[in-house]
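# A look at the structure
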Amino acid sequence: MGVWKEQLHLGSLSPFLLTCTVYFFLWIPEDPPSRMGALVKCLPVLCLVGLLRASPGSGSGGGYSLRLQVALLFSALRDVFLIWPENFLYGILACAMAQLLYVWAFGLRPLRPGLLLPIILASLPFSGLLLLHLSSSLVLPLSAYVLALSTVLWRGLCPFQLLSIFLASLPFTFLLLLHLPPDLVLPVSAYALTLSTMLWRGLARGGSARWGALLFATSDSLLSWHTFIQPLAHGRLLIMTTYYAAQLLITRSAFQSPKLKTD
């Protein structure tokens, strides 16, 4: 993959930093939904699109940049939809499209298949016991999420870490599914799958993409907890801070050489 010649500097980030400051100064989440609020919320992400657009790539680096730009546009669309609670499902769909585009940008090499078997063996006993005690409506979505989580572990971690992280993630997943309205269980589970796949590929790519993917997953986990389980103190501040930082780090990966792990 080609390496971009330009380096990020404070001047090029000024529009993004300024619009983030405006968002937090106005504190849009506290206001009633409005078109102005939607614009202010998505402006930082649109500034990152402009940054990539103004920084020409070379070779296949240009394709990577273009995929990030389209992913950021879908993220901005997600930000607009989530201003109005009744458009929550459309927000999930827009963000799922963004995650798939990030996956496409990050690529699928290397696969590291040697880590897949230990993950499956580590997860089967506990998952089987849990599924036996679930209501029938939760079996399919939780199974999909467990599959996605196992995929993330396969992509980003060493075998000896698998069991502890898998066990640590299950309580959050189970609590979230218990608190979801029935009509949201399937779409939220499908989104969790796309988010987990994006995290897998970000971890595999390395560099700032790794940290951006981790912060994106953190932001969406905070959002899920805050929305469906229990409001967090300063929840919106934590959600949006990690979200904007994630988008910035993923954008920064366009200016770096990929640090793909070897099989």
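A brief structural summary. Residue numbers here run from 1 along each chain, matching the order of that chain's written sequence. Residues qualify for local features only when their pLDDT is at least 70, as the model is predicted, and side-chain atom pairs are given and counted only at 80 or more; totals for whole chains, interfaces and linings, by contrast, use all residues. Note: side-chain values were computed over all heavy atoms of the structure, leaving out hydrogens and water.

### Details of the pattern of salt bridges
One side-chain nitrogen of Lys or Arg within 4 Å of one carboxyl oxygen of Asp or Glu is enough to make a salt bridge. This structure, assessed with the given rule, holds two salt bridges. The salt bridge involving Asp79 is made with Arg78; its shortest N-O contact spans 3.5 Å. We call a residue buried when its accessible area falls under 20% of the maximum for its residue type, exposed when it is over 50%, and partly exposed in between, using a 1.4 Å probe and counting protein chains only. According to the relative accessible area criterion, Asp79 is buried, its value standing at 0%. We classify Arg78 as buried; its relative accessible area is 6%.

### Regarding a nonpolar patch on the surface
Residues enter a patch when their relative accessible area is above 30% and they make no salt bridge; the linking distance is 9 Å between like charges and 5 Å between nonpolar side chains (Val, Leu, Ile, Met, Phe, Trp, Tyr). Accessible surface area values rest on a Shrake-Rupley calculation with a 1.4 Å probe, where residue burial reflects the displayed protein chains alone. Taken together, the side chains of Leu18, Val22, Phe25 and Leu26 present a nonpolar region at the surface, about 430 Å² in accessible area. Exposure remark for Val22: the relative accessible area of 35% places this residue in the partly exposed category.

### Comments concerning the packing of helix H9 (residues 207-229) against helix H10 (residues 235-252)
In contact at an axis separation of 7 Å, H9 and H10 are set at 155° when each is read in the N-to-C sense. When the axes of H9 and H10 are compared, the pair comes out roughly antiparallel. Classified by chirality, the crossing of H10 by H9 is left-handed. On H10, the residues that touch Ser208, Ala209, Trp211, Gly212, Ala213, Leu215, Phe216, Ser219, Leu222, Leu223 and His226 of H9 are Gly235, Arg236, Leu238, Ile239, Thr242, Tyr243, Ala245, Ala246, Gln247, Leu249, Ile250 and Arg252. Broken down by class, the residue content of the contact of H9 with H10 amounts to 14 nonpolar, seven polar and two charged. Between N-to-C directions, angles span 0 to 180 degrees; the directions come from axes that are lines fitted to C-alpha atoms, helices contributing only their stretch in contact. Helix and strand definitions follow DSSP, with helices as H or I runs of at least four residues and strands as E runs of at least two, each counted in order from the N terminus. Roughly parallel means an angle under 35 degrees; roughly antiparallel means over 145; roughly perpendicular covers 65 to 115; every other angle is labelled oblique. Two helices that cross are described as forming a left-handed crossing if the nearer one is turned anticlockwise from the farther one by less than a right angle, and a right-handed crossing if clockwise. The criterion used for residue contact is that any of the two residues' heavy atoms lie within 4.5 Å. Residues are grouped as follows: Ala, Val, Leu, Ile, Met, Phe, Trp, Tyr, Cys and Pro are nonpolar; Asp, Glu, Lys and Arg are charged; every other residue, Gly included, is polar.

### Re the packing of aromatic side chains
Here the distance between the centres and the angle between the planes together describe a pair of aromatic rings. Any pair of Phe, Tyr and Trp rings, taking the six-membered ring for Trp, is counted once the centres come within 6.5 Å. Such a pair is stacked with planes under 30 degrees apart, edge-to-face with planes over 60 apart, and tilted for the rest. Within the structure shown, the criterion is met by nine aromatic pairs. For the ring pair Phe16 and Tyr244, a centre distance of 6.5 Å and an interplane angle of 85° mean the geometry is edge-to-face. Here Phe16 is found in helix H1 (residues 10-26), whereas its partner Tyr244 is found in helix H10, with 228 residues between them in sequence. We note that Phe16, like Tyr244, is buried. With a centroid separation of 6.1 Å and 85° between ring planes, the pair formed by Phe24 and Tyr244 is classed as edge-to-face. Within this pair, whereas Phe24 is found in helix H1, its partner Tyr244 is found in helix H10, the two being separated by 220 residues in sequence. Take Tyr244: its relative accessible area is 3%, and that puts it in the buried class. The rule is short: NZ of Lys or CZ of Arg within 6 Å of the ring centre and within 35 degrees of the ring normal puts a charge over the ring. Sitting over the ring of Tyr243, Arg78 keeps its end group 4.7 Å from the ring centre. Sitting over the ring of Tyr64, Arg205 keeps its end group 4.0 Å from the ring centre.

### What to know about unusual backbone geometry
One non-glycine residue, His234, adopts positive backbone phi at about 60°. Within the secondary structure, His234 is located in the loop between H9 and H10.

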